[in-house]
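Chains, contacts and geometry: an overview
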Amino acid sequence: MSAKRRIVALSGGVGGAKLAQGLDMLDDVDLTIVVNTGDDFEHLGLMISPDIDSVVYALAGLSDVDRGWGRADESWHFMEEIRRLGGEDWFLLGDRDLAMHIARTNAIRLGEPLSSFTLRIARRLGIRARIVPMTDDAVRTIITSDEGRLAFQRYFVGLRCEPIVRSVDFEGAPSARPVAELETEFADPGPDAIIICPSNPYLSIDPILSIPGIADMLSASHAPVVAVSPIIGGQAVKGPTAKIMNELGLAVTNDTIAGHYGDLIDGIVIDHGDRCPVAASPLACLSVPTLMHTVEDKVSLARKTVDFALSLSQPERVG
Ligand code: GDP
């Protein structure tokens, strides 16, 4: 049997986790998922890492597919009680989900890095892929909007993404270091392909790329970099991606997504109903169904994306 292909995927939360789940189900793939932690925050004394949890729950088969976020089979006794006590109730924490936040907070307070905790929990839940935060340092996404500067969860959950976005910053990023596992992943011979999941480029992937050294690792690697577009038919499947693009004065097209990633990517995967970007430099483009409802959709898109990315390998690396 031939060796497994080493794939590094960059992911945000729910949208990215769909493709990550498909990638994790490919038997010939050895997968590392680098997850955005710009959305992380401390709430009621707990360390919350929403995107990591979305990826972990999805790959463990524990996410609530109908609600679209959080744990399946959830109950809400904690929220009822915190409301009764007059505590903050704008961010929903299910009873099962709470255990994750308490375990993480406790581990971090005892000195364990977020990356080590995440790898440990993923193993414990039977996940094959290595799931790591982009950094073990604190990076916080800040939205500058028509309502002023907003912490990410205040904008995203508290204000339901209603404020008009003027710019997005990643506080702490300039002094943050890439998670140590990335050095290992990119050490010779490095990954066979790098896949940017169909996450929000501005809120989920940019924070990862803002960590000094990560974009350089991607560029210096021989591995092809392929992005899967989160835009289908001029709209986002879910969430504020298209709204933010409009507010930033950008056309909601695959051309904009391709232009945003620029020279970093060698190829883009777009939905079969859409037009390939007309990029200034030639950009490989694969047009296939990219809407993922079922597990089969996720595996199918993952298979096609990996095969497309590997087909872009430099000749000397094809073996
Ligand atoms: P968040 O951090 O939970 O907001 O999730 P992400 O940033 O990872 O993903 C949000 C993006 O996923 C949105 O821009 C959606 O358009 C995109 N998305 C969600 N589901 C799908 C899907 O089935 N196919 C594609 N192509 N994009 C999707």
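First, a word on scope: everything that follows refers to the structure included in this document. (Residues numbered from 1 in each chain as written. Predicted model: local features only at pLDDT ≥ 70, side-chain atom pairs only at ≥ 80, totals over all residues. Heavy atoms only, no water.)

**Regarding the sheet that holds strand 6 (residues 140–145)**
Sheets are built from strands that pair by backbone hydrogen bonding, the pairs being arranged parallel or antiparallel. In spatial order, the strands read 7-6-8; together these three strands make up an open sheet with antiparallel pairing. A single partner strand is all that each edge strand has here, and the edge strands are strand 7 (148–151) and strand 8 (165–171). On average, each strand axis in the sheet is tilted by 25 degrees relative to the strand beside it, whichever way the strands run. Pairing geometry for strand 6 and strand 7, over four bridges, is antiparallel. When the bridges of strand 7 are listed, threonine 144 appears paired with arginine 149. The strands touched by helix 8 (residues 201–209) within the sheet are strand 6 and strand 8, with strand 8 carrying the most contacts at an inclination of about 25 degrees. (Pairing = 2+ DSSP bridges. Helix = DSSP H or I, 4+ residues; strand = E, 2+ residues; numbered from the N terminus. Axes fitted to C-alpha atoms, helices over the stretch in contact; angles between N-to-C directions. Contact = heavy atoms within 4.5 Å.)

**Observations concerning the packing of helix 1 (residues 14–24) against helix 12 (residues 295–311)**
Relative to each other, helix 1 and helix 12 sit at 75 degrees, their axes nearing to 7 Å. By the criterion of interaxial angle, the relationship of helix 1 to helix 12 is roughly perpendicular. Contacts between helix 1 and helix 12 involve Lys18, Leu19, Gln21, Gly22 and Leu23 from the first element and Val295, Lys298, Val299, Leu301, Ala302 and Val306 from the second. When the residues that make up the contact of helix 1 with helix 12 are grouped by side-chain class, the tally is seven nonpolar, two polar and two charged. (Parallel < 35°, antiparallel > 145°, perpendicular 65-115°, else oblique. Nonpolar A, V, L, I, M, F, W, Y, C, P; charged D, E, K, R; others polar.)

**So, the packing of helix 4 (residues 95–109) against helix 5 (residues 114–124)**
The contact between helix 4 and helix 5 brings their axes to 9 Å, and the two run at 135 degrees. Comparing their axes, helix 5 and helix 4 come out oblique. Crossing angle aside, the handedness with which helix 4 passes helix 5 is right-handed. Only Leu114, Phe117, Arg120 and Ile121 of helix 5 make contact with helix 4, whose side of the interface consists of Met100, Ala103, Arg104, Ala107 and Ile108. Its residues assigned to classes, the contact of helix 4 with helix 5 comprises seven nonpolar, no polar and two charged. (Left-handed = near helix turned anticlockwise from the far one by under 90°.)

**Regarding the side chain of serine 229**
By the element assignment, serine 229 lies in the loop between strand 10 (225–228) and strand 11 (231–232). Residue classification places serine 229 among the buried residues on the basis of a relative accessible area of 2%. Within polar-contact distance, the side chain of serine 229 engages the backbone nitrogen of isoleucine 231 at 3.1 Å. Side chain to side chain, serine 229 and asparagine 254 meet in a polar contact 2.6 Å long. Leave out the neighbours within four places in its chain, and serine 229 touches Pro198, Asn254, Ile257, Ile268, Val269 and Ile270. (Buried < 20%, exposed > 50% of the residue type's maximum accessible area, 1.4 Å probe, protein only. Polar contact = N/O pair within 3.5 Å; in protein donor to acceptor, adjacent residues only side chain to side chain.)

Purely geometric stuff here, so don't read any function into it on its own.
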